[in-house]
Amino acid sequence: MMFFAESVLLNVFSICVAIVVLVIFSFKKRYSHWKNLGVEYEEPTIPFGNTKDNFLWKISIGDYYTNFYLKMKARKLKHAGSYFFHKVVYIPLDLDLIKQIMQADFLHFTDHLSFVNEKDDPLGAHIFALKGQRWRNLRVKLTPTFTSGKMKLMFPIIVKISDELVKTLKEECGNGPIEAKDLSGRFTTDVIGNCAFGIECNSLKDPYTKFRIMGKRLLSLTRTEQLINFLEILFPKMMIYFGTSFLPKEATDFFWRVIKDTSEYREKSGVRRNDAMQLLLDMMSKNGKEDGNTLTFEEVAAQAFVFFIAGFETSSTLMSFALLELSLNQDVQDRLREEVKEALERNKGELTYEAIWEMNYLSNVINETLRKYPPLSILTRECTKDYTVPYSNVVIRKGELVFISVKGIQYDPDNYPDPQKFDPLRFTEENKSKRHPFSFIPFGEGPRICLGMRFGLMQAKVGLISLIGNFKFKVSPITRIPVELDPKSFLTSSLDGLFLDVEQIKN
Ligand code: HEM
């Protein structure tokens, strides 16, 4: 009996050893990819590839690829190679090559690196994650959602919420430093909640409202949830089999209910509003089912959801880092306040849709903030058709990945001398015209460029105008400078918060 148990154990042990040896061998073979092609790379670690430090929360994925980009670019290379676990990743460094991949040869790179499990997680089947023809069909249908005409109709909603922002800060500014990200996040939650779902979220009045809590929950994943996300991206078929979803179920269940209630309410009451929800509902077929030209209810819900998740955090990141830099650069803050005052005086104290696009210095400040702190610091593309990189022997195969380091490009001293310096005048028309058009890509580029770019800029501009026109901001001594970024976050986010001292201006 004893002998039998020992021999079973020995067999199991031998099988395990054989599996480990096989796995190590196949990783080693995979990791010889860039070496065989003569492309520069950093030594990968089994099984993480080059993402070990990110996986261990030592550095954000964006910062890892910024450092990588700058290191390889300093060696005058046009491209380099990397590994995301077992996946091969191509890193273009040359701006003409990046333009080629994102624009002219887009048909080889139509997809984002994403995971969709439509059956178990219908809200996850949104335009950012969808691939191929499904993405293309939706992009055509959704593009009219953010035309100037439609945004103009949403503008009064944003101005009304900005009045609430000023009121809230007047009440809160006497109680010590404010945390800029939290304040901006409550503002953008109320704006997007209102424009995407048609709901008064009131998170400025009450920071603990369910909408705000669930919005934050979508972006603060536990270790296990992050691990599942990695597995979903790396082994999608297996994870669909297990029925996993990409985002926390308690949050997606909440948003699903909200969208369903809103749609039913509007249908029953006949109430119509000037918001993105209405535009989506108008695209829905009468019975909510598939008919080729219209959207199903599930598709409407997923798009309303992505407008919320893609819209509130990116714009609040922009607003909060702009407030930080304005606090660190008082001369820039004063000049911006002058521009705001003049624009308001020209329009009898009223903020108009046209006025926000005419404020050149505000645009310069916003662009310089997006240069230093792009909310998404890398862009991903999945190769959908084999591609030979021009003037090279490198072939990117279907299924391999391309990572474009937005932050690397925007910190490259060849594009922006003294890149750590905050200098809005880099973005005057004259200075912009001297640079390569792909040296500034915080909203991505090509056919997959951000769908809500103008909306994101509009809400950040309105928020900043209201704040700078009414308050003076200084950095609080409790804010650590330079700001350390959160290695756990996929989006650009400060680790300890952006605390600012605020003083009300007597107008
Ligand atoms: C400052 C604000 C924002 C920034 C920096 C930003 C940035 C980005 C970036 C980098 C992408 C990927 C582009 C690419 O792969 O080339 C993207 C995609 C997208 N964004 Fe934004 N975004 C912002 C605001 C918004 C807002 C307010 C909305 C909606 C209300 C929105 C909706 C989307 C959608 C739907 C996509 C997916 C487009 C597609 O795959 O076809 N974004 N955004």
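Residues numbered from 1 in each chain as written. Predicted model: local features only at pLDDT ≥ 70, side-chain atom pairs only at ≥ 80, totals over all residues. Heavy atoms only, no water.

### So, the overall build of the protein
Next up, step 1: Looking only at helices and strands, the protein has 20 helices and nine strands in total.
Next up, step 2: Scaling as 2.2 N^0.38, a compact globule of 507 residues should have a C-alpha radius of gyration of about 23 Å, and the protein matches this with 24 Å.
Next up, step 3: For the C-alpha atoms alone, the extent of the protein along its principal axes is close to 90 × 60 × 50 Å.
Next up, step 4: Buried positions account for 54% of the 507 residues belonging to the protein.
Next up, step 5: Sequence separation of 24 or more characterises 73% of the internal contacts of the protein that already satisfy a separation of 6 or more.
Next up, step 6: Put simply, the protein shows about 23700 Å² of open surface, and 58% of that area lies on carbon and sulfur atoms.
Next up, step 7: In the protein, 67 side chains carry a positive charge and 62 a negative one; their mean positions are 3 Å apart. (Helix = DSSP H or I, 4+ residues; strand = E, 2+ residues; numbered from the N terminus. Rg over C-alpha atoms; globule rule 2.2 N^0.38 Å. Buried < 20%, exposed > 50% of the residue type's maximum accessible area, 1.4 Å probe, protein only. Contact = heavy atoms within 4.5 Å. Areas by Shrake-Rupley, 256 points an atom, 1.4 Å probe, with all protein chains shown as cover. Lys, Arg positive; Asp, Glu negative; His and termini not counted. Charge placed at Lys NZ, Arg CZ, Asp CG, Glu CD.)

### Let's talk about the sheet that holds strand E7 (residues 401–405)
Two pairing modes exist for strands in a sheet, parallel and antiparallel, and in both the strands are linked by backbone hydrogen bonds.
Next up, step 1: Spatial strand order, E1-E2-E7-E4: four strands in an open sheet with mixed pairing. Since the sheet does not close on itself, it has two edges, and those belong to strand E1 (79–84) and strand E4 (378–382), each with one partner. Mean inter-strand twist for the sheet, computed between neighbouring axes without regard to direction, equals 30°.
Next up, step 2: The sheet contact formed by E1 and strand E2 (residues 87–92) spans six bridges and is antiparallel. Paired with Gly81 across the bridge in E2 is Tyr90. (Pairing = 2+ DSSP bridges. Axes fitted to C-alpha atoms, helices over the stretch in contact; angles between N-to-C directions.)

### Re the nonpolar core
Next up, step 1: Within the largest apolar cluster, 98 residues are counted, with the highest numbers of intra-cluster contacts made by Phe255 and Phe455.
Next up, step 2: The greatest single-element share of this core, amounting to 17 residues, is contributed by helix H14 (residues 297–328).
Next up, step 3: Excluding anything up to four places from it in sequence, Phe255 contacts Leu123, Phe197, Phe211, Met214, Gly215, Leu218, Phe305 and Phe308. (Core = buried A, V, L, I, M, F, W, Y, C linked by side-chain atoms within 4.5 Å.)

### With respect to a nonpolar patch on the surface
Next up, step 1: Residues Leu231, Phe235, Met238, Tyr241 and Phe242 make up a contiguous nonpolar surface patch of about 550 Å² in total accessible area.
Next up, step 2: Per element, the largest residue contribution to the nonpolar patch is three residues, and it comes from helix H11 (residues 236–242).
Next up, step 3: If you trace the backbone, Phe242 turns up in helix H11. (Patch = residues over 30% accessible without salt bridge, like charges linked within 9 Å, V, L, I, M, F, W, Y side chains within 5 Å. Salt bridge = Lys/Arg side-chain N within 4 Å of Asp/Glu carboxyl O.)

### What about the coordination of the iron atom of the ligand?
Next up, step 1: The protein gives the iron atom of the ligand a lone donor atom, Cys450 (SG), placed 2.3 Å from the metal.
Next up, step 2: Structurally, Cys450 is set in the loop between helix H19 (429–433) and helix H20 (453–470). (Donors = N, O, S within 2.8 Å, 3.2 Å for Na, K, Ca; no water.)

### Here's the deal with the UniProt feature "binding site: heme" (unreviewed entry) in the protein
Next up, step 1: Mapped onto this numbering, the UniProt entry gives "binding site: heme" (unreviewed entry) at Cys450.
Next up, step 2: Beyond its immediate stretch of four places on either side in the chain, Cys450 contacts Arg139 and Phe443. (UniProt positions renumbered as here; feature names shortened; annotations may be inferred.)

### Quick look at the site of the ligand
Next up, step 1: His112, Trp135, Arg139, Arg381 and Cys450 are the nearest of the 25 residues found near the ligand.
Next up, step 2: At 2.7 Å, a side-chain N or O of His112 approaches an oxygen atom of the ligand.
Next up, step 3: At 2.9 Å from an oxygen atom of the ligand is found a side-chain nitrogen or oxygen belonging to Arg448.
Next up, step 4: Mapped onto the shell around the ligand, the elements with two or more residues apiece are helix H6 (132–142), H14, E4 and H20.
Next up, step 5: Per element, the largest residue contribution to the shell around the ligand is six residues, and it comes from H14.
Next up, step 6: A class-by-class count of the residues in the shell around the ligand yields 14 nonpolar, seven polar and four charged. (Near = heavy atom within 4 Å. Polar contact = N/O pair within 3.5 Å; in protein donor to acceptor, adjacent residues only side chain to side chain. Nonpolar A, V, L, I, M, F, W, Y, C, P; charged D, E, K, R; others polar.)

### Remarks on the UniProt feature "transmembrane region" (unreviewed entry) in the protein
Next up, step 1: Mapped onto the present numbering, the UniProt feature "transmembrane region" (unreviewed entry) falls at residues 6–27.
Next up, step 2: The span residues 6–27 is 100% helix and 0% strand, and its two end C-alpha atoms sit 31 Å from each other.

### A few points about the environment of Ile199
Next up, step 1: You can see Ile199 is positioned in the loop between helix H8 (180–197) and helix H9 (210–219).
Next up, step 2: Expressed as a C-alpha distance, the spacing of Ile199 and Glu350, which sit 151 residues apart in the sequence, is 25 Å.

### Observations concerning H20
Next up, step 1: Over its 18 residues, H20 runs 26 Å from end to end, which matches the ideal 26 Å to within 8%, given 1.5 Å per residue.
Next up, step 2: Among the 18 residues of H20, 16 are classified as buried, and the element is accordingly described as predominantly covered. (Expected span 1.5 Å × (residues − 1).)

### Considerations on helix H10 (residues 223–234)
Next up, step 1: For H10, built from twelve residues, the straight-helix expectation of 16 Å at 1.5 Å per residue is met to within 8% by its first-to-last C-alpha distance of 17 Å.
Next up, step 2: Those residues of H10 that sit buried are Glu225, Gln226, Asn229, Phe230, Glu232, Ile233 and Leu234.

### Topic: the pairing of E1
On any regular strand, side chains alternate: one points to one face of the sheet, the next to the other face.
Next up, step 1: Most of E1 is tucked away, with six of its six residues classed as buried.
Next up, step 2: Of the two faces of E1, the one carrying His79, Gly81 and Tyr83 and the one carrying Ala80, Ser82 and Phe84 are both buried.

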